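Residues per chain, in single letters:
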Amino acid sequence: MSEYDLVVRGGTVVTGTAAFRADVGVRGGRIAALGEGLEGRRSLDAGGLLVLPGGVDTHCHLEQLQPGGTCDEEGFATGSASALAGGTTTAVTFSAQFKGHRIRETLAEYRRRAARGAMVDYSFHQIVTDPTDAVVREELPGIVASGIRSLKVFLTYDPLHLDDGQFLRVLAAARRAGALVAVHCENRDAIAWRTEALLAAGLAAPRYHAWSRPPVVEREATHRAIALAELVDQPIQVFHVSCGEAAEEIARARARGLKVWGETCPQYLVLTAADMDRPGFEGAKFICSPSPRTAEEQERLWGMIRRGTLDVVSSDHSGYSYGGDRGKRVNGEGAPFRDIPNGVPGVGSRLPLVFSEGVAKGRIDLPHFVRLVAENPAKLFGLWPRKGAVAPGADADLVLWDPSRRVTVTNALLRHAIDHTPYEGMEVTGWPVAVLRRGELAMRDGEVLAEPGSGEFLPRGPYDLIRPTGRLADGFDAAPPPPD
Ligand SMILES: [Zn+2]
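Here's what I pulled together on the structure shown here. (Residues numbered from 1 in each chain as written. Predicted model: local features only at pLDDT ≥ 70, side-chain atom pairs only at ≥ 80, totals over all residues. Heavy atoms only, no water.)

## Some remarks on the overall build of the chain
So, point 1. When you go through the chain residue by residue, the secondary structure sums to 12 helices and 17 strands.
So, point 2. Radius of gyration (C-alpha) of the chain: 22 Å, near the 23 Å computed for a compact globule of 484 residues.
So, point 3. In terms of principal-axis extent, the alpha carbons of the chain reach across some 70 × 55 × 40 Å.
So, point 4. A buried classification covers 60% of the 484 residues belonging to the chain. (Helix = DSSP H or I, 4+ residues; strand = E, 2+ residues; numbered from the N terminus. Rg over C-alpha atoms; globule rule 2.2 N^0.38 Å. Buried < 20%, exposed > 50% of the residue type's maximum accessible area, 1.4 Å probe, protein only.)

## Structural notes on the coordination of the zinc ion
So, point 1. Protein-derived coordination of the zinc ion comes from His 59 (NE2), His 61 (NE2) and Asp 316 (OD), at a distance range of 2.1 to 2.2 Å.
So, point 2. When its relative accessible area of 9% is taken as the criterion, His 61 is described as buried.
So, point 3. Residue classification places Asp 316 among the buried residues on the basis of a relative accessible area of 10%. (Donors = N, O, S within 2.8 Å, 3.2 Å for Na, K, Ca; no water.)

## A look at the pattern of salt bridges
So, point 1. Scanning all chains against the criterion turns up 40 salt bridges.
So, point 2. Among the salt bridges present, the one from Arg 102 reaches Glu 138, with a minimum N-O distance of 3.0 Å. Here Glu 138 lies in helix H3 (residues 133-145) and Arg 102 lies in the loop between strand E7 (88-96) and helix H2 (104-117), a separation of 36 residues in the sequence.
So, point 3. Of the charged contacts, one joins Glu 456 and Arg 386 as a salt bridge, the two residues approaching to 3.2 Å between their closest N and O atoms. Residue Glu 456 is located in the segment after strand E17 (447-448), and its partner Arg 386 is located in the loop between helix H12 (366-380) and strand E14 (398-408); the two are separated by 70 residues in the primary sequence.
So, point 4. Note on Arg 386: relative accessible area 27%, which makes it partly exposed.
So, point 5. The network of salt bridges with shared partners includes Arg 30, Asp 121, Arg 386, Lys 387, Asp 395, Asp 397, Arg 438 and Glu 456. (Salt bridge = Lys/Arg side-chain N within 4 Å of Asp/Glu carboxyl O.)

## Some thoughts on the packing of aromatic side chains
So, point 1. Within this structure, the stated rule accounts for 11 aromatic pairs.
So, point 2. Note on Tyr 122 and Phe 457: the rings are 6.0 Å apart at their centroids and 50 degrees apart in plane angle, and the pair reads as tilted. One end of the pair, Tyr 122, is in strand E8 (residues 121-127); the other, Phe 457, is in the segment after E17, and 335 residues separate them in sequence.
So, point 3. Residue class for Tyr 122 comes out buried when judged on its relative accessible area of 4%.
So, point 4. Assessed through its relative accessible area of 17%, Phe 457 is described here as buried.
So, point 5. By way of ring pairs, the aromatic residues Tyr 110, Tyr 122, Phe 124 and Phe 457 are connected into one cluster. (Phe/Tyr/Trp six-rings, centres within 6.5 Å; stacked < 30°, edge-to-face > 60°.)

## With respect to H2
So, point 1. In a regular helix each residue adds 1.5 Å, so 14 residues correspond to 20 Å; H2 covers 20 Å between its end C-alpha atoms and thus fits that length.
So, point 2. By the burial criterion, the buried members of H2 are Thr 106, Leu 107, Tyr 110, Arg 113, Ala 114 and Gly 117. Buried positions in H2, seen along its axis, are confined to an arc of 120 degrees and lie on one side of it. For H2, exposure combined with an orientation more than 90 degrees from the buried face picks out Glu 105 and Arg 116.
So, point 3. Buried positions along H2 lie against helix H1 (76-85), E7, E8 and H3. (Expected span 1.5 Å × (residues − 1). Arc of directions from axis to C-beta. Contact = heavy atoms within 4.5 Å.)

## Some words on the environment of Tyr 320
So, point 1. Here Tyr 320 shows up in the loop between strand E13 (310-313) and helix H11 (350-360).
So, point 2. The spacing of Tyr 320 and Ala 417 is 97 residues in sequence and 9.2 Å in space, taken between C-alpha atoms.
So, point 3. Look past the residues within four positions of Tyr 320 in its chain and what remains in contact with it is Glu 73, Gly 327, Lys 328, Pro 341, Asn 342, Gly 343, Ile 418 and His 420.

## Focus on the nonpolar core
Considering soluble globular proteins, one finds that nonpolar side chains tend to be buried as a cluster.
So, point 1. In terms of nonpolar packing, the biggest core is built from 122 residues, with Phe 124, Phe 167, Val 183, Ile 236 and Phe 369 touching the most fellow members.
So, point 2. Apart from the residues within four sequence positions on either side, Ile 236 is in contact with Leu 171, Leu 180, Val 181, Val 183, Ala 225, Ile 226, Ala 229, Lys 259, Val 260 and Trp 261.
So, point 3. In this structure, Ala 46, Leu 49, Leu 398 and Ala 434 belong to the second largest nonpolar core, which totals 20 residues. (Core = buried A, V, L, I, M, F, W, Y, C linked by side-chain atoms within 4.5 Å.)

## Remarks on the pairing of strand E9 (residues 150-154)
Regular strands show a simple pattern: their side chains alternate between the two faces of the sheet.
So, point 1. Among the five residues of E9, five are classified as buried, and the element is accordingly described as predominantly covered.
So, point 2. Across the two faces of E9 the burial is the same, with Ser 150, Lys 152 and Phe 154 and Leu 151 and Val 153 all buried.
So, point 3. As judged from the two bridges shared by E8 and E9, these two strands associate in the parallel manner. Opposite Gln 126, over in E9, you have Leu 151 as the bridge partner.
So, point 4. For the segment spanning E8, H3 and E9, crossover handedness is right-handed.
So, point 5. Where E9 and strand E10 (residues 180-184) come together, five bridges link them in parallel fashion. (Pairing = 2+ DSSP bridges. Right-handed = clockwise from strand over helix to strand, strands pointing away.)

## Digging into the environment of Phe 20
So, point 1. If you trace the backbone, Phe 20 turns up in strand E2 (residues 19-27).
So, point 2. Spatially, the C-alpha atoms of Phe 20 and Leu 50 are 9.4 Å apart, while their sequence positions differ by 30 residues.
So, point 3. Here Phe 20 is in contact with Gly 11, Thr 12, Val 13, Thr 15 and Leu 34, once residues within four sequence places are set aside.

## A word on the sheet that holds E10
So, point 1. In spatial order, the strands read E6-E7-E8-E9-E10-E11-E12-E13; together these eight strands make up an open sheet with parallel pairing. One side of each edge strand has no neighbouring strand; the edge strands of this open sheet are strand E6 (55-57) and E13. Across the sheet, the mean angle from the axis of one strand to that of its neighbour is 30 degrees, orientation sign disregarded.
So, point 2. Relative to the sheet, H11 contacts E6, E7 and E13, its axis offset from that of E6 by approximately 110 degrees. (Axes fitted to C-alpha atoms, helices over the stretch in contact; angles between N-to-C directions.)

## As for helix H4 (residues 164-177)
So, point 1. Taking 1.5 Å per residue, 14 residues should reach 20 Å; H4 reaches 20 Å between its end C-alpha atoms and fits that length.
So, point 2. Within H4, burial applies to Phe 167, Val 170, Leu 171, Ala 172, Ala 173, Ala 174, Arg 175 and Ala 177.
So, point 3. For H4, the secondary structure elements touched by its buried residues are H3, E9, E10, helix H7 (215-232) and strand E11 (236-238).
So, point 4. One side-chain oxygen of the residue at the start of H4 lies 3.1 Å from the amide nitrogen of Gly 165, identifying that residue as Asp 163.
So, point 5. Two residues or fewer after H4 comes Gly 178, characterised by a positive phi angle close to 85 degrees. (Polar contact = N/O pair within 3.5 Å; in protein donor to acceptor, adjacent residues only side chain to side chain.)

## Observations regarding the packing of H4 against H7
So, point 1. It is the contact of H4 with H7, at a shortest axis distance of 10 Å, that shows an interaxial angle of 45 degrees. Here H4 is positioned oblique relative to H7, judged by the angle of their axes. Crossing geometry of H4 relative to H7 is assigned as right-handed. On the side of H4, the interface is formed by Asp 164, Phe 167, Leu 168, Leu 171, Ala 172 and Arg 175, while H7 contributes Arg 224, Ala 225, Leu 228, Ala 229, Leu 231 and Val 232.
So, point 2. Along the lines of polarity and charge, the residues of the contact of H4 with H7 split into nine nonpolar, no polar and three charged. (Parallel < 35°, antiparallel > 145°, perpendicular 65-115°, else oblique. Left-handed = near helix turned anticlockwise from the far one by under 90°. Nonpolar A, V, L, I, M, F, W, Y, C, P; charged D, E, K, R; others polar.)

This is the structure:
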């Protein structure tokens, strides 16, 4: 009699701490056992392959609504297809508040859209752009209690950005409700001032996007975000760290015992500002914020990854088409850099790029790779140990990975709705050959087999990692957290 529904046989299992030969027994969509010689009703041969936990991408913009009633070109179904094609089975996307609006109904609309389209399991970060009393007092506690354990704020971008007073209100609201706060750290006024000067000097081509926001504007906002979070005693994750000097701020905070975490993204490990210097409008494809930097900064980021200061690599997938009139050209070809949408697609290319640049090039080992792309994001955002683990009890989200396959990245391989990838033509080593999501084959040899709407919402309960430290200036608690 077969004990398991499925056995993944003969592969090398990689967890966040070790790599070892084992079969994986799956029952009822979950991992039931790891061991030798397991028997199941079905089996999947993983000989010569690595067996990794499904990728967990905790920064992924899918089907985000725009004020005019439109939404992102990348929907939940196409974004999920790309995720699965690249070895990712869980995504945390966004529910975005419009200024002047409430949050509850907006979140309900995102939940409906994801329930129709998603093929990966998912949760949301709630973006707060207008922390009025009504939102902070009446809505946020219930939203957090419904399983949305993370809020996202922007310190730049009109009209999304928060000033320091508003940011403090969100930090305090998160502390009272028990949620993590993720922060986009750049100094809005500094960027606006420099942008105006660049455009007045006739420097408007895509490459000047990088000139408008040098590392110092990111470092300053990172420092300020950490200082205000320390004042409130509220844990934060700094999103998309692009340079060594911003990472240094995080390292200093951690050395002082603060709960501050840092994320980076493949675009900061692979692209540089020089990519925006391509002829014509081509450079627009590489515009994202913060801006890609230099090869030296890339090595600094790898150093910060090895130190553990940057412990998550997510995609910040934010796709805008190049050829269409809604994407990068929405304000016309030749629009000044200020008016070109910010963001690059990357949910499908994330694992291959980090594996190739990290493991294949000897910068990190296999367990470290798994920690960066699956285990740490799952832990930080309250999805552990259901997601990000290859262990009994976890969901059977598994990637069968060929560590020596050499692939030339093309847009078609990535299965997203966007008409380009900034990594077109790049040679990578390592590629996913099959993906299981809750024990079902969801991708094989690049073919996506899951159905739209088959992804599940992941409600996130309270968890220890994001409990405040209890260290308060003068012992006065201005925003008491919920009781244990
Ligand atoms: Zn983002």
